[in-house]
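Chain residues, written in single-letter form:
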Amino acid sequence: DTAVSQTPKYLVTQMGNDKSIKCEQNLGHDTMYWYKQDSKKFLKIMFSYNNKELIINETVPNRFSPKSPDKAHLNLHINSLELGDSAVYFCASSQRGGSEKLFFGSGTQLSVL
Amino acid sequence: AQSVAQPEDQVNVAEGNPLTVKCTYSVSGNPYLFWYVQYPNRGLQFLLKYITGDNLVKGSYGFEAEFNKSQTSFHLKKPSALVSDSALYFCAVRDRSTDKLIFGTGTRLQVFP
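Residues numbered from 1 in each chain as written. Chains lettered and ligands numbered in written order. Predicted model: local features only at pLDDT ≥ 70, side-chain atom pairs only at ≥ 80, totals over all residues. Heavy atoms only, no water.

Draft legend 1. Here's a closer look at the pairing of strand S12 (residues 107–112) of chain B. All names here are of chain B. Burial along S12 is one-sided: the face carrying Thr107, Leu109 and Val111 is buried and the face carrying Arg108, Gln110 and Phe112 is not. One ladder, built from five bridges, connects strand S2 (residues 10–14) with S12; its direction is parallel. Bridge pairing in S12 places Gln10 opposite Arg108. Where strand S10 (residues 87–95) lies against S12, three bridges are found, and the strand directions are antiparallel. Counted as the bridge partner of Leu88 is Arg108 from S12. (Buried < 20%, exposed > 50% of the residue type's maximum accessible area, 1.4 Å probe, protein only. Helix = DSSP H or I, 4+ residues; strand = E, 2+ residues; numbered from the N terminus. Pairing = 2+ DSSP bridges.)

Draft legend 2. Here's a closer look at the pattern of salt bridges. Taken as a whole and judged by the stated rule, the model has eight salt bridges over all chains. Among the salt bridges present, the one from Arg63(A) reaches Glu82(A), with a minimum N-O distance of 3.5 Å. Of this pair, Arg63(A) sits in the loop between strand S6 (53–57) and strand S7 (64–70) while Glu82(A) sits in the loop between strand S8 (73–78) and strand S9 (87–94); the two residues are 19 residues apart in sequence, bridging distant segments of the chain. We classify Arg63(A) as buried; its relative accessible area is 13%. Judged by relative accessible area, Glu82(A) falls into the partly exposed class, the value being 41%. Between Lys78(B) and Asp85(B) there is a salt bridge, with its nearest N and O atoms 2.8 Å apart. Judged by relative accessible area, which is 8%, Lys78(B) ranks as buried. Relative accessible area serves as the criterion here: at 3%, Asp85(B) is assigned to the buried category. One network of salt bridges, in which partners are shared, links Lys44(A), Glu58(A) and Lys100(B). (Salt bridge = Lys/Arg side-chain N within 4 Å of Asp/Glu carboxyl O.)

Draft legend 3. Structural detail: the environment of Ser86(A). Residue and element names in this part refer to chain A. Along the polypeptide, Ser86 turns up in the loop between S8 and S9. Exposure remark for Ser86: the relative accessible area of 30% places this residue in the partly exposed category. As a C-alpha pair, Ser86 and Val12 span 74 residues in sequence and 9.2 Å in three-dimensional space. Leave out the neighbours within four places in its chain, and Ser86 touches Leu110, Ser111 and Val112. Among the polar contacts made by the side chain of Ser86, one reaches the main-chain carbonyl oxygen of Leu83 at a distance of 3.0 Å. Engagement of the side chain of Ser86 in a polar contact is seen with the backbone nitrogen of Val112, the distance being 2.9 Å. (Contact = heavy atoms within 4.5 Å. Polar contact = N/O pair within 3.5 Å; in protein donor to acceptor, adjacent residues only side chain to side chain.)

Draft legend 4. Fine view of the side chain of Gln6(B). Residues and elements named next belong to chain B. Tracing the chain through its elements places Gln6 in the loop between strand S1 (3–5) and S2. Judged by relative accessible area, Gln6 falls into the buried class, the value being 5%. Residues in contact with Gln6, not counting those within four places in the same chain, are Val21, Lys22, Trp35, Tyr89, Phe90, Cys91, Gly104, Thr105, Gly106 and Thr107.

Draft legend 5. Structural view of the nonpolar core. Core analysis: the biggest nonpolar cluster contains 27 residues, and Leu33(B), Trp35(B), Leu47(B), Leu48(B), Phe74(B), Leu76(B) and Tyr89(B) have the highest contact counts within it. Where this core is concerned, the elements lending two or more residues are S2, strand S3 (19–21), strand S5 (32–38), strand S6 (44–50), strand S8 (64–68), strand S9 (73–78), S10 and S12 of chain B. Among the elements that take part in this core, S10(B) stands out by supplying four residues, more than any other. The contact partners of Phe74(B), leaving out residues within four places of it in the chain, are Cys23(B), Leu33(B), Phe34(B), Trp35(B), Leu48(B), Lys49(B), Tyr50(B), Ala65(B), Glu66(B) and Phe67(B). Formed by 20 residues, the second largest nonpolar core is a distinct cluster that contains Phe104(A), Tyr32(B), Phe46(B) and Phe103(B). (Core = buried A, V, L, I, M, F, W, Y, C linked by side-chain atoms within 4.5 Å.)

Function cannot be read off these values alone, since they describe shape.
Put into structure tokens, the structure is as follows:
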């Protein structure tokens with residue numbers, strides 16, 4: 001069983017559309033994250049949730065809205081997609097605590113045309 | 001602010017030779033340091049971490065890292081490189097005030113047969 005799974009793996013869409021990426025973890029972790037990896041492979045955290053509560057909200061456009069229906073799921077909804085949103089989006093999870101490692105999903109490659 | 005720097009975009013090494021991937025950190029207080037590896041089209045995988053204790057940390061796939069407080073470094077090492085070690089390697093530090101995991105810019109390791 002995949003520990004952290006995200007869907008879809010690839011997402012190709014037009015500018016202005018709204019899309020969602022789903023993430024689920026079966027590790028029983030308390031904390032989930034969304035990271036964005038740009039074309040230069042630079043990784044930046046976007047959001048973090050702990051037990052469905054928003055903990056970290058980086059300075060991302062408010063077109064990006066995370067939703068956590070329960071602690072095993074953290075979805076990312078993006079409104080009015082722009083060309084600059086093209087990137088690979090990674091979901092991750094960990095137990096709460098600074099020394100804990102993150103488990104990553106395999107990524108969603110978003111291409112905005 | 002906490003940060004890590006990976007000064008090399010790419011490291012090339014011949015199979016069987018020792019490898020080193022460099023990382024330096026800038027933190028206030030004692031650092032929580034991590035190494036992750038990313039294979040093509042995959043999410044990041046945890047390799048090892050330093051929290052406290054022995055300065056030499058052993059991790060997955062025969063990798064190890066040496067924490068050096070005086071040089072503020074946490075270099076990743078392996079005594080004998082394999083072609084299959086070719087991947088993108090990320091150093092990371094946990095910002096304990098915000099609980100964010102902050103990644104370096106990544107170093108591409110290429111192991112030649």
